[in-house]
Amino acid sequence: MPELPEVEGYARYFAQHALRQRVARVRVRDERVLAVRKEQLVRALRGREFTRVRRHGKHFFAEAGDRWLHLHFGMTGDLAYYRDAKDEPRFARVVFDFDNGAHLAFEDIRLFGVVDLTTSPEAYIEEHALGPDPLDATFTLARFRDIVAKRRGAVKSLLMSQDVIAGMGNLYADEALYQSSIQPRRTADTLRDDEVRALYTSMRRILRDVIARREKGGDWPRRYLTMHREEGERCPQCGGTIVRTVVFGRTTYYCKSHQR
Ligand SMILES: [Zn+2]
């Protein structure tokens, strides 16, 4: 499932391949991914160029004239840029044909993805009440501290609420809590200041680390909890026991010994 680091990868891929080329044709091969009328999408993008990209949480935006294309990758969304029409992915749902003969496909096997238009990323973020992106420059420790202080729920549910922080999925929430030695059920307002700082730092470090590794095609480090998500596994950090539970309706793993 594409998480924030994967969507960052798609944004870089889009920027590297698909900017500054005139869109000659927009082909909608399956309308089920559209959250906008097909005619509207075609009319807004045909004849335009994509000029810049932006990512916010797991949402992707590309500017084209006075509109922005918005993509959400759902569970199986992906992008493919290719020259030869016979390389069109089998599950291409929307394809942009460029003047230079190249194509960009939004593919999505399971159809949980979304393709639509918005007037600006800011308008979309506001309309959908999305919280700040954890890697955005405006997401400072002071801002995070403020968010945490106001919440009484389990800290894991705070990390995963898209209206609080946009783009932290289940694995990343567990990993950030693991690396900052915080038990997922702790209520946010009981976190000490050093714990809030540790959580803020590890959350951002993990996301950046995975983005960088993903670019090089590398795997997650062995010291990460993500590599040990199994009941009874040994904790690579302290040798304790990894336990499985459910928090915020999601399967949660943590170390019984060092996460307090
Ligand atoms: Zn441990």
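Anything mentioned here points back to the structure above.
Another aspect to go through is a nonpolar patch on the surface. On the surface, Met1, Met75 and Phe112 cluster together into a nonpolar patch covering about 320 Å² of accessible area. By secondary structure assignment, the location of Met75 is in the loop between β4 (67-72) and β5 (77-82).

Turning to the coordination of the zinc ion, a few remarks are in order. Bound to the zinc ion are the protein donor atoms Cys235 (SG), Cys238 (SG), Cys255 (SG) and His258 (ND1), situated 2.0 to 2.4 Å from the metal. Each of the 4 donor atoms bound to the zinc ion contributes to angles spanning 102 to 119 degrees, and the resulting shape is tetrahedral. In the primary structure, the donors to the zinc ion are separated according to the pattern C-x2-C-x16-C-x2-H. Note that Cys238 is positioned in the loop between α7 (193-216) and β9 (242-247) and Cys255 in strand β10 (residues 250-255), a separation of 17 residues in sequence. Assessed through its relative accessible area of 41%, Cys238 is described here as partly exposed.

Enumeration according to the criterion identifies 12 aromatic pairs in this entry. Ring geometry for Trp220 and Tyr224: centres 5.8 Å apart, planes at 70 degrees, overall edge-to-face. The buried category is assigned to Trp220, whose relative accessible area is 19%. Take Tyr224: its relative accessible area is 1%, and that puts it in the buried class.

With antiparallel pairing, 4 strands are arranged side by side in an open sheet as β1-β6-β7-β5. With partners counted over all chains shown, the strands left at the sheet margins are β1 (23-28) and β5, one partner each. Looking at each pair of strands side by side, their axes are set apart by 15 degrees on average, direction ignored. Helix-sheet contacts for helix α2 (residues 38-45) involve β1 and β6 (92-98), and the interaxial angle to β1 is about 165 degrees.

What follows covers the sheet that holds β4. Pairing is antiparallel across the open sheet formed by 4 strands, whose spatial order is β2-β3-β4-β8. Where the open sheet ends on each side, the last strands, each with one partner, are β2 (52-56) and β8 (114-118). Ignoring strand direction, the axes of neighbouring strands in this sheet form an average angle of 25 degrees. Sheet topology places β2 next to strand β3 (residues 59-64); 5 bridges connect them, and they run antiparallel. Paired with Arg55 across the two strands is Phe60, which belongs to β3. In this fold helix α1 (residues 4-17) packs onto β2, β3 and β4, with an angle of close to 175 degrees to the strand it touches most, β2. Seen against the sheet, α2 touches β3, β4 and β8 and runs at an angle of roughly 60 degrees to β8.

Quick look at the nonpolar core now. Ranked by internal contacts, the top residues of the largest apolar core, which has 32 residues, are Phe14, Leu41, Leu45, Phe50, Leu69, Phe96 and Val115. Not counting the four nearest positions on each side in its chain, Leu41 is found in contact with Val26, Val28, Leu34, Val36, Leu69, Val94, Val115 and Leu117. Core analysis: the second largest hydrophobic core is formed by 31 residues, Ile147, Val155, Tyr172 and Tyr200 among them.

Calculation criteria
Along each chain, residue indices are assigned from 1 in the same order as the chain's sequence is written. In keeping with the predicted nature of the model, local features appear solely for residues at pLDDT of at least 70, side-chain atom pairs appear and are counted solely at 80 or more, and the whole-chain, interface and lining totals rest on all residues. Note that the side-chain values use all heavy atoms of the structure and ignore hydrogens as well as water. Surface patches are defined over residues having more than 30% relative accessible area and no salt bridge, joining like charges when they lie within 9 Å and nonpolar side chains (Val, Leu, Ile, Met, Phe, Trp, Tyr) when within 5 Å. Every accessible area reported is derived by Shrake-Rupley at a probe size of 1.4 Å, with residue values counting cover from the shown protein chains alone. The term salt bridge refers to a pairing of a side-chain nitrogen on Lys or Arg with a carboxyl oxygen on Asp or Glu at a separation within 4 Å. A run of DSSP states H or I qualifies as a helix once it reaches four residues; a run of E qualifies as a strand once it reaches two. Both are numbered from the N-terminal end. Excluding water, the donors of a metal are its N, O and S neighbours within 2.8 Å, or within 3.2 Å for Na, K and Ca, and that exclusion means sites may look incomplete. Here a site with four donors is tetrahedral if all angles are between 85 and 135 degrees, and a site with four or six donors is square planar or octahedral if opposite donors are over 155 degrees apart and the other angles are between 65 and 115; anything else gets the irregular label. Here's how the labels work: a residue is buried when its accessible area is under 20% of the maximum for its type, exposed when over 50%, partly exposed in between, all with a 1.4 Å probe on protein chains only. Any Phe, Tyr or Trp ring, taking Trp's six-membered ring, that has another such ring centre within 6.5 Å forms a pair; planes under 30 degrees apart are called stacked, those over 60 apart edge-to-face, and the others tilted. Following DSSP output, two strands are said to pair if at least two bridges run between them. Each axis is a line fitted through C-alpha atoms, taken for helices only over the stretch in contact, and angles between the N-to-C directions span 0 to 180 degrees. Contacts between residues were defined by any pair of non-hydrogen atoms, one from each residue, lying within 4.5 Å. Grouping buried Ala, Val, Leu, Ile, Met, Phe, Trp, Tyr and Cys residues that are joined through side-chain atoms within 4.5 Å yields what is termed a nonpolar core.

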